[in-house]
Amino acid sequence: MKISGLSLSKVANISICLMLVLLALSLHSVAAQIENHLNKSNPEKAPEQKIDPSSRSHTLTEKDLGWKVLKKATHKKQPKIKEKEENPTQEEILITDPLTKDAEQALKNTIKEREFQTATHNEVFDKQKKNLEQEKIAINGQIQELKKKTAELSKYEEKKKKAAEQEIERLAHVYEQMPPRDAAAVFNVLDMRVLVPVAQHMTPRKVSAVIGGMLPDRANILTQYLIGTRKLK
């Protein structure tokens, strides 16, 4: 079928092309409005660079029809992932916490104070240790001096004892030379601390003769000392 020189198919094609052009223009207008709305809601986002219409080709593309803008507008805005700084870790929170800083500073002050006290105690301990060592040296010197004096005293006592032994032996010899009756008269009044050692150094025969002439009580006491029943203090 032909209408004034145009076939029905050509008319249909021209109508479809016109409808597509009108649809594209409508979509482009809608996309532009949506883009303007997004730019107003996000002022920080830099506006897209305008493209010179003269630089575009006459061929209609998807970008020219506004599909790309429409797709951006229809897609839901994805939430941005918070950066690491917006989600600090527990350690970072503790470091930046003022209470934690105060506690850390107090702990450092306590440690310094304890270190100072320890150093002071160590110094006092060292001084006491030195004093004790000096006192120990002094005491050792006194002990050595005391040992020396003790040895000297022992030698003196030994010398004195030997002298007393010699004196007793001399007295015993004198009383042995005396008549028994005269010696007994002396033994009756002589102190037991002298009489007993002298009698012990005399020969048994001489001392028995002297005891026979002594008073019975004195003779009895002297006999007890000689046999060990009594002992001199």
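Below you will find a few notes about this structure. These numbers come from a predicted model, not from an experiment.

## Overview of the overall build of the protein chain
Then comes step 1: Scanning the protein chain from N- to C-terminus turns up eight helices and two strands.
Then comes step 2: Counting the 233 residues in the protein chain, one finds 13% classified as buried.
Then comes step 3: Contacts in the protein chain between residues at least 24 apart in sequence constitute 63% of all its contacts with a sequence separation of at least 6.
Then comes step 4: As displayed, the protein chain has an accessible area near 20,200 Å², and 59% of this comes from carbon and sulfur atoms.

## A closer look at the packing of helix α6 (residues 192-201) against helix α8 (residues 216-227)
Then comes step 1: With their axes 10 Å apart at the nearest point, α6 and α8 run at an angle of 65° to one another. Seen from above, α6 lies across α8 with right-handed handedness. On α8, the residues that touch M192, L195, V196, A199 and Q200 of α6 are R218, I221, L222, Y225 and L226.
Then comes step 2: Partitioning the contact of α6 with α8 into residue classes produces eight nonpolar, one polar and one charged.

## Observations regarding α6
Then comes step 1: Among the residues of α6, M192, L195, V196, P197, V198 and A199 are the ones counted as buried.
Then comes step 2: Buried residues belonging to α6 abut α4 (98-177), α5 (180-189), α7 (204-212) and α8.
Then comes step 3: With a side-chain oxygen positioned 2.7 Å from the backbone nitrogen of R193, the residue opening α6 is D191.

## Considering the pattern of salt bridges
Then comes step 1: Under the defined criterion, the tally for this structure stands at four salt bridges.
Then comes step 2: The salt bridge involving E123 is made with K127; its shortest N-O contact spans 4.0 Å. With E123 and K127 both in helix α4 and four residues apart, the pair spans about one turn of that helix.
Then comes step 3: E123 sits in the partly exposed class, given a relative accessible area of 46%.
Then comes step 4: With a closest N to O distance of 3.3 Å, R193 and D191 form a salt bridge.
Then comes step 5: For R193, a relative accessible area of 61% puts it in the exposed group.

## Describing a nonpolar patch on the surface
Then comes step 1: On the surface, I16, L20 and L23 cluster together into a nonpolar patch covering about 290 Å² of accessible area.
Then comes step 2: Its location among the elements puts L20 in helix α1 (residues 8-41).
Then comes step 3: Its relative accessible area of 51% is what places L20 among the exposed residues.

## Some details on the packing of aromatic side chains
Then comes step 1: If you walk through the whole model with that rule in mind, you get one aromatic pair.
Then comes step 2: Measuring from ring centre to ring centre gives 5.1 Å for Y175 and F187, while their planes differ by 70°; the resulting arrangement is edge-to-face. Here the residue Y175 occupies a position in helix α4, and F187 occupies one in helix α5, the gap between them amounting to 12 residues.
Then comes step 3: Assessed through its relative accessible area of 12%, Y175 is described here as buried.
Then comes step 4: Judged by relative accessible area, which is 0%, F187 ranks as buried.

## Here we look at α8
Then comes step 1: The first and last C-alpha atoms of α8 sit 16 Å apart over 12 residues, in line with the 16 Å expected at 1.5 Å per residue.
Then comes step 2: Buried residues of α8: R218, A219, L222 and Y225, and no others. Buried residues in α8, looked at end-on, bunch into an arc of 125°, giving them a common side. Of the exposed residues in α8, the ones pointing more than 90 degrees away from its buried face are P216, D217 and I227.

## A look at the nonpolar core
In globular proteins that are soluble, nonpolar side chains generally tend to be buried together.
Then comes step 1: If you look at the biggest cluster of nonpolar residues, it comprises 20 residues, and the most contacted ones within it are Y175, F187, L195, V198, M202, M214 and L222.
Then comes step 2: For this core, the secondary structure elements donating two or more residues are α4, α5, α6, α7 and α8.
Then comes step 3: If near-sequence neighbours (up to four positions away) are discounted, M214 is found in contact with A184, F187, N188, L195, A219 and L222.

Rules used throughout
Residues numbered from 1 in each chain as written. Predicted model: local features only at pLDDT ≥ 70, side-chain atom pairs only at ≥ 80, totals over all residues. Heavy atoms only, no water. Helix = DSSP H or I, 4+ residues; strand = E, 2+ residues; numbered from the N terminus. Buried < 20%, exposed > 50% of the residue type's maximum accessible area, 1.4 Å probe, protein only. Contact = heavy atoms within 4.5 Å. Areas by Shrake-Rupley, 256 points an atom, 1.4 Å probe, with all protein chains shown as cover. Axes fitted to C-alpha atoms, helices over the stretch in contact; angles between N-to-C directions. Left-handed = near helix turned anticlockwise from the far one by under 90°. Nonpolar A, V, L, I, M, F, W, Y, C, P; charged D, E, K, R; others polar. Polar contact = N/O pair within 3.5 Å; in protein donor to acceptor, adjacent residues only side chain to side chain. Salt bridge = Lys/Arg side-chain N within 4 Å of Asp/Glu carboxyl O. Patch = residues over 30% accessible without salt bridge, like charges linked within 9 Å, V, L, I, M, F, W, Y side chains within 5 Å. Phe/Tyr/Trp six-rings, centres within 6.5 Å; stacked < 30°, edge-to-face > 60°. Expected span 1.5 Å × (residues − 1). Arc of directions from axis to C-beta. Core = buried A, V, L, I, M, F, W, Y, C linked by side-chain atoms within 4.5 Å.

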